[in-house]
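Structural characterization, general
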Amino acid sequence: MVIRRCQSCGHPSVTPLPVCPICLGDTFDAVHQDGNGTCLSWTRIRRPATDFKCAEPFIVAVARLQNGTLVTGRLAQAEAADTALEIGAPVVVTNQANEPPVIRRVRPL
Amino acid sequence: MREVCIAGTGSTTFGRHSAVTPQDLAARAARAAVLEAGIARSDIGAIYVGNFVSGVLTGQEVLAGLLADHIGLAGVPATKVEGACASGGIAFRHAVMAVASGLCEAALAVGTESMTHADTATVTAALNCAMDHRSDGAAGLTYPGLFGLVWRAHAERYGTSREEVAAVSVKNKRNGLRNPLASMGADLSLDDVAQSKPIADPLALYDCCGISDGAAAVLVTTTERAKEAEGLPIRVLAAAQSSGPARISGLDNLLSFPATVQAAQRAFAESGLSPTDIDLVELHDCFSIAEIVDSEDLGVVPRGEGGRWALDGRTAVDGEMPINASGGLLAKGHPVGATGIGQIYEVVQQLRGTHPNQVKEAGIGLTHNLGGTGISCTVSILGRPDV
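Thresholds, definitions, all that
- Residues numbered from 1 in each chain as written.
- Chains lettered and ligands numbered in written order.
- Predicted model: local features only at pLDDT ≥ 70, side-chain atom pairs only at ≥ 80, totals over all residues.
- Heavy atoms only, no water.
- Helix = DSSP H or I, 4+ residues; strand = E, 2+ residues; numbered from the N terminus.
- Rg over C-alpha atoms; globule rule 2.2 N^0.38 Å.
- Buried < 20%, exposed > 50% of the residue type's maximum accessible area, 1.4 Å probe, protein only.
- Areas by Shrake-Rupley, 256 points an atom, 1.4 Å probe, with all protein chains shown as cover.
- Lys, Arg positive; Asp, Glu negative; His and termini not counted.
- Charge placed at Lys NZ, Arg CZ, Asp CG, Glu CD.
- Contact = heavy atoms within 4.5 Å.
- Buried area = accessible area lost by both parts, 1.4 Å probe.
- Salt bridge = Lys/Arg side-chain N within 4 Å of Asp/Glu carboxyl O.
- Polar contact = N/O pair within 3.5 Å; in protein donor to acceptor, adjacent residues only side chain to side chain.
- Expected span 1.5 Å × (residues − 1).
- Axes fitted to C-alpha atoms, helices over the stretch in contact; angles between N-to-C directions.
- Parallel < 35°, antiparallel > 145°, perpendicular 65-115°, else oblique.
- Left-handed = near helix turned anticlockwise from the far one by under 90°.
- Nonpolar A, V, L, I, M, F, W, Y, C, P; charged D, E, K, R; others polar.
- Pairing = 2+ DSSP bridges.
- Phe/Tyr/Trp six-rings, centres within 6.5 Å; stacked < 30°, edge-to-face > 60°.
- Lys NZ or Arg CZ within 6 Å of the ring centre and 35° of its normal.

A look at the overall build of chain B
What chain B contains, in helices and strands, is 14 helices and 11 strands. Against the compact-globule benchmark of 21 Å for 387 residues, chain B has a radius of gyration of 19 Å, which places it among compact chains. Relative to its 387 residues, chain B shows a buried fraction of 65%. Surface accessibility of chain B: about 12600 Å² in total, with carbon and sulfur atoms responsible for 49%. Between the centroid of the 28 positive side chains of chain B and the centroid of its 41 negative side chains there is a distance of 2 Å.

Here is the structure:
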């Protein structure tokens, strides 16, 4: 996944904020990192807002990346039909510009 | 700073007010508060109106100016404040500051909202305006979804059970049956809650507050002027506000909202009180699990035990820490901008000893109003003049 890192203090952010909240720096680098993390929680949205109506129901999960950062994302569509996602299970987060992060389960080999 | 009292209160019912504008609801509540306070309108030097989604849902803005116009107070500085679902609590705090600072002798705080004319998906989208559209909102999260996430995390960490969470809804819905302002009271079993329609797993319909219309108002003034009031004046011991992380990625975990913790700490510091001094609480139970987390964040229930306390009846109207004797948001409904003032209204009636679901020997009450994904919060502490 791609995250932003403040050029002044190195603070990482998944969300593209205008100013670094730690040091008020305003220049950032795009940094590639593996999106490995664990599932912190998840929910199945059955009553979405208007813009998301076509996709119902879908799963929104929160992952904790290895550096401790929390990321909110959609569970990959192909996996949404599965029954449950376990808290603490390994997941991988990917993201693309102007798209919300996508979270995938890491299946045991 | 001068001591401030609540001298007058007013509220419409919370529920459905078809074809009534938010400014008209506000005028009805404000009228009642002004008349009860027995204060000349010329003494009112400031108006604060809490409102969240009138622009999106009704196309009407400038509600504060419209309210001033409607109640014959054109000329008085009138300000609308918005902090998502904490808008009402923020309006109250600003009215208190206006009087406490000496800027004016009396101020009006009003919260109002009209929502029931819109369909659920439209209301969900309007409420999502309080989410960061670049993160949580973009992923398709909704507010029931946020509290679904919180629930699973709480259950994983503390073993909170479905029964314990449902016990909050059962309690608040039953409390609401005794409150004429609450239109969503019901006599439900734990099973009724658990078996209701799924909304955002694990949340079901009866775990969620209802979409509502309504308005509430309080008139605050100096202790001296409050003596002229019709009802017992109630002292404002603290009116604290905080802001918190704007998105889930700003949280350490999903077990606590830092804005609540901070606002509570400020309110206790301001009043010189501690959680054990509180006789009753009206807190932001937008969802059943929210009451559990809020009660722990406020420090009125031990961390991790909110669900257990609800199931054991310790937060019932006759329990050791009565929470949401009014029925809360779950039974009153949640006209988002009005809720914070509605909570103040309920606590004032409790402290006057005139509440239809009266807590025994209520001397000090606390209100908690939370907005967005925990981005804004107010905690107020009110006291009877003799305690």
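Digging into the interface of chain B and chain A
Counting residues at the interface gives 33 residues for chain B, matched by 28 residues for chain A. Taken over both partners, the interface formed by chain B and chain A buries close to 2500 Å², and the fraction arising from carbon and sulfur atoms is 61%. Interface area lost by chain B to chain A is led by B:Ala139, B:Arg152 and B:Asp201, which between them contribute 21%. Along the contact surface separating chain B from chain A lie 2 salt bridges. A salt bridge links B:Asp201 to A:Arg44, with the nearest nitrogen and oxygen atoms 2.9 Å apart. Where chain B packs against chain A, one counts 10 residue pairs in polar contact (both at pLDDT 80 or more).

A word on helix H14 (residues 339-352) of chain B
Here H14(B) is 14 residues long and its end C-alpha atoms lie 20 Å apart, about the 20 Å a rise of 1.5 Å per residue gives. With 14 of 14 residues buried, H14(B) is to be regarded as a mostly interior element.

Overview of the packing of helix H1 (residues 22-37) of chain B against helix H3 (residues 63-70) of chain B
Residues and elements named next belong to chain B. Axis separation between H1 and H3 bottoms out at 9 Å; the angle between their running directions is 50 degrees. Relative to H3, the element H1 lies oblique. Once H1 is placed against H3, the crossing between them reads as right-handed. Note on element contacts: H3 touches H1 through Leu 63, Leu 66, Leu 67 and His 70, opposite Pro 22, Gln 23, Asp 24, Ala 26, Ala 27 and Ala 30. Classifying every residue of the contact of H1 with H3 gives 7 nonpolar, 2 polar and 1 charged.

A short note on helix H4 (residues 87-100) of chain B
Residues and elements named next belong to chain B. If you check H4, its first and last C-alpha atoms are 20 Å apart, about what 14 residues at 1.5 Å a residue would give, namely 20 Å. All of the buried residues in H4 are Ser 87, Gly 88, Gly 89, Ile 90, Ala 91, Phe 92, Ala 95, Val 96, Ala 98, Val 99 and Ala 100. Backbone geometry just after H4 places Gly 102 at a positive phi near 90 degrees.

Re the packing of helix H7 (residues 162-177) of chain B against helix H11 (residues 288-298) of chain B
Residue and element names in this part refer to chain B. The interhelical angle for the contact between H7 and H11, taken along N-to-C directions, is 100 degrees, at an axis separation of 8 Å. When the axes of H7 and H11 are compared, the pair comes out roughly perpendicular. Residues Glu 164, Val 165, Val 168, Ser 169, Lys 171 and Asn 172 of H7 form the contact with H11, whose own contacting residues are Ser 288, Ile 289, Glu 291 and Ile 292. Partitioned by chemical class, the residues of the contact of H7 with H11 number 4 nonpolar, 3 polar and 3 charged.

A short note on the environment of B:Ile323
All names here are of chain B. With respect to the helices and strands, the residue Ile 323 is situated in the loop between helix H12 (306-311) and helix H13 (328-332). Its relative accessible area of 1% is what places Ile 323 among the buried residues. Spatially, the C-alpha atom of Ile 323 lies 17 Å from that of Arg 352, the residues being 29 residues apart in sequence. In contact with Ile 323, other than residues within four places in its own chain, are Lys 171, Asn 172, Asn 175, Val 281, Leu 283, Glu 291, Ser 295, Val 300, Val 301 and Thr 315.

Comments concerning the sheet that holds strand S3 (residues 28-32) of chain A
On the basis of which strands lie adjacent, the open sheet formed by 3 strands has the order S2-S1-S3 (chain A) and antiparallel pairing. The sheet is open, and its two borders are formed by strand S2 (12-13) and S3 of chain A, each paired with just one other strand.

Here's the deal with the packing of aromatic side chains
The full count for this structure, using the stated rule, is 3 aromatic pairs over all chains. Geometrically, the ring pair formed by B:Phe147 and B:Phe257 is tilted, given 5.7 Å between the ring centres and 50 degrees between the ring planes. Within this pair, whereas B:Phe147 is found in helix H6 (residues 143-158), its partner B:Phe257 is found in the loop between strand S8 (234-243) and helix H10 (258-271), the two being separated by 110 residues in sequence. B:Phe147 sits in the buried class, given a relative accessible area of 2%. Through a chain of ring-to-ring contacts, the aromatic side chains of B:Phe147, B:Phe257 and B:Phe287 assemble into a single cluster. If you follow A:Arg74 out to its NZ or CZ, it ends over the ring of A:Phe58, 4.0 Å from the centre. Note that B:Lys332 overlies the ring of B:Phe14, its terminal NZ or CZ placed 4.3 Å from the centroid.

Some thoughts on the side chain of B:Lys173
Residue and element names in this part refer to chain B. You can see Lys 173 is positioned in helix H7. Comment: no salt bridge for buried Lys 173; closest opposite-charge side chain is Asp 285, at 8.9 Å. One polar contact links the side chain of Lys 173 to the main-chain carbonyl oxygen of Leu 330, over a distance of 3.2 Å. Each residue touching Lys 173, except ones within four places of it in the same chain, is listed here: Met 184, Gly 185, Ala 186, Leu 188, Tyr 206, Leu 330 and Ala 331.

Overview of the environment of B:Ala290
Residues and elements named next belong to chain B. Tracing the backbone through its elements, the reader meets Ala 290 in helix H11. For the pair formed by Ala 290 and Val 168, sequence separation is 122 residues and the distance between their alpha carbons is 9.5 Å. If near-sequence neighbours (up to four positions away) are discounted, Ala 290 is found in contact with Phe 147, His 284 and Asp 285.

No statement about biological role is implied by the geometric values presented.
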